[in-house]
Amino acid sequence: MRLLNVKNSQMTYFMSYADVPPYAILSHTWGEEEVSLKDWETMSRPDVREKEGFKKLEYCCRQAARDGLEWVWVDTCCIDKTSSAELTESINSMFRWYRDAAICYAYLTDVPEDVERSEIEKHLAKSRWFTRGWTLQELIAPLKVVFYSAAWQPVGTKSELSACISAITGIEETYLSGANLDRASVAQRMSWASRRRTSRDEDIAYCLLGIFDVNMPLIYGEGHKAFQRLQEEIMRAFPEDHTLFAWGKVVTYFSKYVESEAQVLGFEPLRLRPKEIVKKEGQDGENDDDEDDEDDGSLLGFLAKSPRDFRDSGKFVLYRESKKFFRRWDAPLTAPSLVGRTTRVDLPIVMAGPPFAVYRLDAALPILGLRRVSSAVLVCGRQDELFKFVTVPLLTCTGGYYGRTREIVVNDLISLPRVNYDILGRWRQQIVLERQPRYRPCVGDIILRRFSSFVPCATSMAVDAVDVAIDDGFVKALAPPEPGRLACLTFDYAGMVGVAGFAITISRMEGNEEHGGSGPLHFALMPVDLAADTQRYNELMLHEQLRLDEEGEEGREEAREIVEVKDDDENWVEVREEASSARSEDGGDSESDASGDGSSHEGEEEREMKDSTEEPDRAQDEEGGGGLEKQEPQFQSTREAYCYLWDHWQASPRGRAMGLPDDTWDLAGEPAARVPHVRVVARRMYVDDDPRLPVDVVDIVISAEALFGPGGSSPGR
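This one's a predicted model, so the numbers in the text were calculated from it and none came from an experiment.

Caption draft 1: Geometry of the overall build of the protein. Per the secondary structure count, the protein includes 19 helices and 30 strands. Looking at the 717 residues of the protein, the share that counts as buried comes to 49%. Of the accessible surface of the protein, which amounts to about 35500 Å², a share of 48% is contributed by carbon and sulfur atoms.

Caption draft 2: The arrangement of the sheet that holds strand β21 (residues 474-477) in detail. Strand order in the open sheet formed by 6 strands is β20-β21-β18-β30-β29-β28, with mixed pairing between adjacent strands. Strand pairing shows two members of the sheet lacking a second neighbour, β20 (466-469) and β28 (662-667), which therefore form its edges. Adjacent strand axes in the sheet meet at a mean angle of 15 degrees when their direction is disregarded. Across 4 bridges, β20 lies against β21 in antiparallel orientation. In the strand pairing of β21, Val466 is matched with Ala477.

Caption draft 3: Examining the pairing of strand β23 (residues 500-508) more closely. Taken across its 9 residues, β23 has 9 buried, putting it largely inside the fold. With 8 bridges connecting them, strand β22 (residues 484-492) and β23 associate as antiparallel partners. Within the sheet, the bridge partner assigned to Asp492 lies in β23 and is Gly501. Direction of pairing for β23 relative to strand β24 (residues 521-529): antiparallel, over a ladder of 9 bridges. Considered in β24, the bridge of Arg508 is made with Leu521.

Caption draft 4: Quick peek at the environment of Asp312. With respect to the element layout, Asp312 can be found in the loop between α13 (261-265) and β9 (317-318). Using a relative accessible area of 13% as the deciding quantity, one classes Asp312 as buried. For the pair Asp312 and Gln188, spaced 124 residues apart in sequence, the C-alpha separation works out to 9.5 Å.

Caption draft 5: Broad picture of unusual backbone geometry. The step from Leu416 to Pro417 runs through a cis peptide bond, and the omega angle for that step is 0 degrees. With respect to the helices, strands and loops of the structure, Pro417 is situated in the loop between β16 (407-409) and α15 (421-427). Leu660 connects to Pro661 through a cis peptide bond whose omega is 5 degrees. Inspection of the secondary structure assignment puts Pro661 in the loop between β27 (655-657) and β28. Backbone geometry at Arg674 places phi at a positive 55 degrees, although glycine is not the residue there. Turning to its location among the elements, Arg674 is positioned in the loop between β28 and β29 (677-686). What makes Arg674 partly exposed here is its relative accessible area of 26%. For Asp689, which is not glycine, the phi dihedral falls at a positive 60 degrees. Tracing the sequence through the fold places Asp689 in the loop between β29 and β30 (694-703). Taking the relative accessible area as the measure of exposure, Asp689 reaches 71% and is therefore exposed.

Caption draft 6: Molecular detail of the side chain of Ser452. Examined against the element boundaries, Ser452 turns out to sit in strand β18 (residues 446-453). Ser452 sits in the buried class, given a relative accessible area of 10%. Those residues within four positions of Ser452 in sequence are excluded, and the remaining contacts are Val264, Phe356, Ile700, Val701 and Ile702.

Caption draft 7: Region of the structure containing the state of the cysteines. Tallied over the full model, the rule gives 0 disulfides. No disulfide involves Cys488; its nearest neighbouring cysteine sulfur is the one of Cys643, lying 7.9 Å away. Owing to a relative accessible area of 0%, Cys488 belongs among the buried residues under this scheme.

Caption draft 8: Looking closely at the confidence of the model for the protein. Overall, the prediction assigns the protein a mean pLDDT of 83, with 81% of residues at 70 or greater. When the criterion is pLDDT under 50, residues 282-293 qualifies, and its contacts beyond four places in sequence or with other chains add up to 19 contacts. Here residues 554-630 is modelled with pLDDT under 50, and outside its nearest four sequence neighbours on either side it reaches 61 contacts, counting other chains as well.

Caption draft 9: How the structure looks around the pairing of strand β3 (residues 23-27). For β3, the tally of buried residues reaches 5 of 5 residues, placing the bulk of the element in the interior. Covered by surrounding structure in β3 are Tyr23, Ile25 and Ser27 together with Ala24 and Leu26, the residues of both alternating faces. Where β3 and strand β4 (residues 71-73) come together, 3 bridges link them in parallel fashion. When the bridges of β4 are listed, Tyr23 appears paired with Trp71.

Caption draft 10: Examining the nonpolar core more closely. Among the nonpolar cores identified, the biggest contains 112 residues, and Tyr23, Trp73, Phe147, Leu208 and Leu230 are the most heavily contacted of them. Not counting chain neighbours up to four residues away, the residues in contact with Leu208 comprise Leu136, Met190, Ala193, Phe227, Leu230 and Pro307. Membership of the second largest hydrophobic core comes to 32 residues, among which are Val466, Leu521, Val678 and Val680.

Caption draft 11: Structural view of helix α4 (residues 84-100). Here α4 contains 17 residues, and its C-alpha end-to-end distance of 24 Å stays within 8% of the 24 Å for a straight helix at 1.5 Å per residue. A bend of about 55 degrees at Ser93 is the largest found in α4. Among the residues making up α4, those that are buried are Glu86, Leu87, Ser90, Ile91, Ser93, Met94, Phe95, Trp97 and Tyr98.

Caption draft 12: Representation of the sheet that holds strand β1 (residues 2-5). Read across the sheet, 7 strands follow the order β2-β1-β4-β3-β5-β6-β7 without closing on themselves; strand pairing throughout is mixed. At either end of the open sheet lies a strand with only one pairing partner, and these are β2 (11-13) and β7 (154-157). Each strand axis lies, on average, 30 degrees off the axis of its neighbour in the sheet, ignoring direction. Examined bridge by bridge, strand β6 (residues 145-148) and β7 share 3 bridges and lie antiparallel to one another. Considered in β7, the bridge of Tyr148 is made with Pro154. Strands β1, β3, β4, β5 (103-107) and β6 of the sheet are contacted by helix α3 (residues 54-66), whose axis makes an angle of about 145 degrees with β5. Across the sheet, α4 is in contact with β1, β2, β3, β4 and β5; its angle to β3 comes to roughly 110 degrees.

Caption draft 13: Highlighting the pattern of salt bridges. Taken as a whole and judged by the stated rule, the model has 30 salt bridges. One salt bridge in this structure joins Asp100 and Arg96, with 3.6 Å as the shortest N-O distance. With Asp100 and Arg96 both in helix α4 and 4 residues apart, the pair spans about one turn of that helix. Classification of Asp100 as partly exposed rests on a relative accessible area of 42%. Under the relative-accessibility criterion, Arg96 is labelled partly exposed at 36%. Ionic pairing is found between Asp309 and Arg406, a salt bridge with its closest N-O pair at 3.0 Å. A residue pair is termed long-range when its members are at least 10 positions apart, and Asp309 in the loop between α13 and β9 and Arg406 in the loop between β15 (402-404) and β16 qualify at 97 residues. Comparing Asp309 with Arg406 shows no difference in burial state: the two are buried.

Each value, and the rule that gives it
Residues numbered from 1 in each chain as written. Predicted model: local features only at pLDDT ≥ 70, side-chain atom pairs only at ≥ 80, totals over all residues. Heavy atoms only, no water. Helix = DSSP H or I, 4+ residues; strand = E, 2+ residues; numbered from the N terminus. Buried < 20%, exposed > 50% of the residue type's maximum accessible area, 1.4 Å probe, protein only. Areas by Shrake-Rupley, 256 points an atom, 1.4 Å probe, with all protein chains shown as cover. Pairing = 2+ DSSP bridges. Axes fitted to C-alpha atoms, helices over the stretch in contact; angles between N-to-C directions. Contact = heavy atoms within 4.5 Å. Disulfide = S-S within 2.5 Å. pLDDT = per-residue confidence, 0-100. Core = buried A, V, L, I, M, F, W, Y, C linked by side-chain atoms within 4.5 Å. Expected span 1.5 Å × (residues − 1). Bend = angle between axes of the 7 residues up to and from the residue. Salt bridge = Lys/Arg side-chain N within 4 Å of Asp/Glu carboxyl O.

Listed below in structure tokens is the structure:
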């Protein structure tokens with residue numbers, strides 16, 4: 001630590017803190033022509049005195065001498081800023097230096113001299129000193145702070161002005177009086193810095209190192225990443241403090257919840273709730289700084305972008321029984337961690353509202369879409385009449401990840417005593433959150449505005465030219481659109497995985513210049529029920545065996561069995577094959593010779609007559625009106641069935657080529673075949689209204705009403 005001697009104006013460097021003598025320290029806001037260490041050591045004293053920043057140094061040294069102190073520390077001239085190592089050490093040690101100072105002089109250059117006592121609060125509230133990031137620790141760390149006006153006239157001490165300072169800064173008086181900062185939650189400490197600014201982006205993080213008692217290297221040039229690194233260090237230092245995640249706009253009800261089931265099913269248009277309907281919790285209209293509240297369609301990660309995100313979080317504290325939640329002997333929790341760009345954390349997950357949320361797409365395509373939503377309960381909250389937990393709405397993303405918006409919810413639904421640590425422990429699960437950039441539509445994209453299914457989509461197959469992201473709400477084109485199959489979505493009924501389900505293919509038909517080079521879409525569905533297929537096959541074999549027993553002939557046995565083969569078009573078909581009983585070659589020849597030509601011709605005529613009588617029956621069977629019902633192709637697994645539809649989507653009996661620019665396919669359910677009710681709506685739109693940039697906006701709604709009746713339980717969700 002380098003100190004300035006007030007008597008001889010010499011700089012002295014102290015290697016050990018044990019050797020540091022008592023000293024005064026200066027807190028100020030930087031201005032023009034500050035005196036640096038290099039200036040102090042290389043310039044003549046008259047030249048140094050001419051610099052504008054010398055005046056505050058002179059004031060500080062004189063006051064220290066009057067207070068009986070021989071040494072002072074001033075950040076402008078006591079740090080060698082040309083040395084990155086010394087700068088890093090100084091910033092990581094600065095909170096300690098201010099805390100250990102005998103006295104701190106806070107120099108307010110914008111407070112005029114001879115201020116009347118009645119006007120002090122007004123001038124302090126307007127002072128720039130209370131808006132700077134670095135002065136936060138300079139206010140909190142020293143036990144004794146004396147404020148001086150521009151002419152170095154005493155204005156008052158921190159203890160005398162604590163009520164006024166608390167009102168200006170939002171810092172509770174107990175922490176201004178020297179209380180242990182560990183008693184303040186992370187969100188409370190962040191809120192103290194939420195309205196402060198620094199000249200460099202990185203410094204808004206570096207100035208908080210001492211407030212949270214963490215250390216990290218300085219990397220000027222990393223911008224907002226510095227604040228991300230600070231939160232990582234805080235997460236490691238305070239793994240049980242969930243208030244780190246309690247940032248954003250506090251509301252009583254999530255504004256993006258879908259309003260009705262009719263909106264989910266497509267019978268009503270999607271819309272966002274008006275801002276005035278969603279009450280902003282804990283605000284009286286005094287805060288108009290909503291620059292970060294604008295919704296650009298991005299989904300955010302779990303960590304904040306800057307301290308400004310915590311400006312509504314000053315009253316959030318830890319749940320009083322949080323230790324019981326985190327230290328359960330039967331199911332210990334893992335500490336929050338960062339893996340790449342994702343945050344992994346164990347949190348209680350609940351359904352605190354409707355299962356879908358409305359989100360905004362890119363401005364180039366002014367439409368809204370649906371995403372599944374659940375809520376994570378943070379083990380922290382606000383103590384009002386009841387302790388209300390903070391819940392964070394989470395929107396589902398592809399891959400099982402989540403993203404969040406800027407809103408956090410505080411209401412009576414999740415509060416004590418309705419919810420306690422034991423209930424929270426039973427609700428918990430590990431989740432992964434990652435920031436999701438705003439979706440940018442391009443030519444050939446299929447935007448899933450609505451995708452609602454009573455059965456969760458199990459898997460999907462797709463060609464290399466598209467990226468299927470169902471939970472994200474799109475099938476992204478990775479190449480110019482070409483006719484042919486695009487994706488196959490598969491659904492397995494709960495409790496019947498690999499046995500029963502259905503598949504839906506999405507394909508593209510031929511297009512022309514009128515279509516912008518992108519043809520209309522085609523949808524096809526095929527149900528699969530391996531258990532029913534097996535039972536049906538066994539019944540068919542039994543029926544055939546009984547018929548064979550009735551057609552037994554003396555001297556020979558004919559067996560007719562049904563087998564499945566593939567024709568030249570790779571389609572599964574049924575053929576009938578005759579198999580004669582084993583006979584000796586000589587015996588067969590002798591019977592043939594003995595019968596003569598007449599009997600031989602007679603046998604041929606009988607076979608022709610038999611074939612002629614069977615052909616209509618066979619044709620009738622194929623039409624579905626014969627003795628045997630029309631059979632679906634039989635498969636050994638659902639995967640094999642889905643691949644069959646993938647290869648033969650154009651031949652599916654349950655398919656539809658959608659018309660342009662708008663079309664609807666309403667497929668009625670077939671309970672006997674386990675076919676659900678499917679409603680598909682396709683609409684052709686253009687990015688920025690440019691006909692050369694076509695995209696398809698699609699609604700896919702799959703309901704179980706046809707299978708189980710209105711209000712019946714479904715085998716899916």
